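Chain by chain, the residues run as shown.
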Amino acid sequence: MKTKRFAALALTLTMAMGTFTGCSGNNSSSTADTGDTIRIGAIAPLTGGASDYGITATNGLKLAVEEVNANGGVLGRQVVVDYQDDENDTTKTVNAYNKLKGDGMAALWGAVTSKPAISVSSKAAKDNMPMMTPTGTATAITEAGSNVFRTCFLDPFQGTVHANFASEKFGAKKAYVLTKLGDDYSTGLGYYFTQAFEALGGEVVAETFQEGNSDFTSYITSAKNAGAEVFFAPSSTEAAALIIEQAAAQGLGMPILSTDTWDSNVILNAAKGKDLE
């Protein structure tokens, strides 16, 4: 239900922006605002390691489109969505954007994850293309231009809230932070958590893991040996499930904290029956 509400809000705002911008005569996609339909583009990882987010988000969008169209559409027009799979790859995201633009989209919904969303936000800003990311949390996305929006919170907010929670809830003075190298979402959250936690007088031990890594035992050992009191791991659900499994097997002995990507049945299933906090 939460995904549907976010999708409906994103759809409504994006459609409104697309209609008004198209009327200005300054939007390269205004040709899509003709006839009885309004065409929007949607970019999300529908396959690959981040597909859990893309499928969940686009399912919400599909429900929202059905609801909007059943109630008369937008300004009396039916909404048509062209879905493109970027596989969480920035090159494919840019290619998808160019295709959708060439096909005459009036506005862009997506991209879903932060790094791909960053890769097209500057293009959308330059093209005066209304863009709405439902879940991209990196600050750089909306900094690209005044026509780029999001319906979720920012990395600085999440990172700070988790640092406060670690300090206030668990009384933690030392935190272990594990992020994925080259991932704007993961490293951004690690950065803001560290800033906030150190400002509270805490100490951070930080490490990164490479794309495709499946063995987290050395990182779990490092956290234990460092005397950390919380383990902060903003990561994909794919990595999260492995971290949970291996942390339980090694007896991590400290709370694991993470962010919105862990709001998933994948995490609940991985943690089920395990002695972890």
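Because the structure is predicted, anything quoted here is derived from the model rather than measured. (Residues numbered from 1 in each chain as written. Predicted model: local features only at pLDDT ≥ 70, side-chain atom pairs only at ≥ 80, totals over all residues. Heavy atoms only, no water.)

Participant: Explain the overall build of the chain to me, and be specific about the residues and the numbers.
Facilitator: The helix and strand inventory of the chain stands at 10 helices and nine strands. Taken across its 277 residues, the chain has 48% of its residues classed as buried. Long-range contacts, defined as pairs at least 24 residues apart, comprise 68% of the intrachain contacts of the chain with a sequence gap of at least 6. (Helix = DSSP H or I, 4+ residues; strand = E, 2+ residues; numbered from the N terminus. Buried < 20%, exposed > 50% of the residue type's maximum accessible area, 1.4 Å probe, protein only. Contact = heavy atoms within 4.5 Å.)

Participant: Could you give an account of the packing of aromatic side chains, naming the residues involved and the relevant values?
Facilitator: All told, the structure shown has eight aromatic pairs when counted by the stated rule. Residues Tyr191 and Tyr192 carry aromatic rings whose centres are separated by 5.0 Å and whose planes lie at 75 degrees to one another, so their mutual orientation is edge-to-face. Judged by relative accessible area, Tyr192 falls into the partly exposed class, the value being 21%. Pairing Phe193 with Phe232 gives two aromatic rings, centres 4.3 Å apart and planes at 15 degrees, and the pair type is stacked. Highlighted residues: Phe193 in helix H7 (residues 184-199) and Phe232 in strand S8 (residues 230-232), separated in sequence by 39 residues. Given the relative accessible area of 0%, Phe193 is considered buried. Connected via pairs of aromatic rings, a cluster forms that spans Phe193, Phe197 and Phe232. Between the NZ or CZ atom of Lys62 and the centre of the ring of Tyr83, over which it lies, the distance is 5.2 Å. (Phe/Tyr/Trp six-rings, centres within 6.5 Å; stacked < 30°, edge-to-face > 60°. Lys NZ or Arg CZ within 6 Å of the ring centre and 35° of its normal.)

Participant: Would you mind going over helix H4 (residues 114-126) in detail, with residue names and values included?
Facilitator: With 13 residues, H4 extends 19 Å between its outermost C-alpha atoms, agreeing within 8% with the 18 Å of an ideal straight helix rising 1.5 Å per residue. At Val120, H4 shows its strongest bend, of approximately 30 degrees. Every buried residue of H4 is accounted for by Ser114, Pro116, Ala117, Ser119, Val120, Ser121 and Ala124. Elements in contact with the buried residues of H4: helix H3 (90-102), strand S3 (107-109), strand S4 (131-133), helix H5 (139-142), strand S5 (148-150) and H7. Remark: Asn128 follows H4 within two positions and exhibits a positive phi of approximately 55 degrees. (Expected span 1.5 Å × (residues − 1). Bend = angle between axes of the 7 residues up to and from the residue.)

Participant: So what's going on with the sheet that holds strand S1 (residues 37-44)? Which residues, and what values?
Facilitator: Read from one edge to the other, the open sheet built from five strands follows the order S2-S1-S3-S4-S5, with strand pairing classed as parallel. Across the chains shown, the open sheet's two edge strands, defined by having one partner strand only, are strand S2 (78-85) and S5. Between one strand and the next, the sheet's axes are offset by a mean angle of 25 degrees, whatever the strand orientation. Taken together, the three bridges between S4 and S5 define a ladder with parallel strand orientation. (Pairing = 2+ DSSP bridges. Axes fitted to C-alpha atoms, helices over the stretch in contact; angles between N-to-C directions.)

Participant: So what's going on with the nonpolar core? Residues and values would help.
Facilitator: Among the nonpolar cores identified, the biggest contains 22 residues, and Tyr176, Leu178, Phe216, Phe231, Leu252 and Trp262 are the most heavily contacted of them. Among the elements of the structure, strand S6 (174-180), helix H8 (217-225), helix H9 (237-250) and helix H10 (265-271) are those that each provide at least two residues to this core. Contact partners of Trp262, with chain neighbours within four places excluded, come to Ala233, Ser235, Ser236, Ala240, Ile244, Ile256 and Ile267. Residues Ile40, Leu61, Val68 and Val81 belong to the second largest nonpolar core, which totals 17 residues. (Core = buried A, V, L, I, M, F, W, Y, C linked by side-chain atoms within 4.5 Å.)

Participant: Please set out a nonpolar patch on the surface residue by residue, giving values where relevant.
Facilitator: On the surface, Phe153, Leu154, Phe157 and Val161 cluster together into a nonpolar patch covering about 340 Å² of accessible area. Position of Leu154 relative to the elements: it lies in the loop between S5 and helix H6 (155-170). Overall, Leu154 belongs to the partly exposed group, its relative accessible area being 32%. (Patch = residues over 30% accessible without salt bridge, like charges linked within 9 Å, V, L, I, M, F, W, Y side chains within 5 Å. Areas by Shrake-Rupley, 256 points an atom, 1.4 Å probe, with all protein chains shown as cover. Salt bridge = Lys/Arg side-chain N within 4 Å of Asp/Glu carboxyl O.)

Participant: Tell me about the side chain of Asp127, residues and numbers included.
Facilitator: With respect to the helices and strands, Asp127 occurs in the loop between H4 and S4. At a separation of 3.2 Å, a polar atom in the side chain of Asp127 contacts the side chain of Lys101. (Polar contact = N/O pair within 3.5 Å; in protein donor to acceptor, adjacent residues only side chain to side chain.)

Participant: Explain the side chain of Thr133 residue by residue, including any values.
Facilitator: With respect to the helices, strands and loops of the structure, Thr133 is situated in strand S4. Looking at Thr133, its side chain comes within polar contact range of the main-chain nitrogen of Gly136, at 2.9 Å. Ignoring sequence-local partners within four residues, the contact set of Thr133 consists of Gly110, Ala111, Val112, Ala117, Ile141, Phe149, Arg150 and Thr151.

Scope: geometric values only; no functional claims are made or implied.
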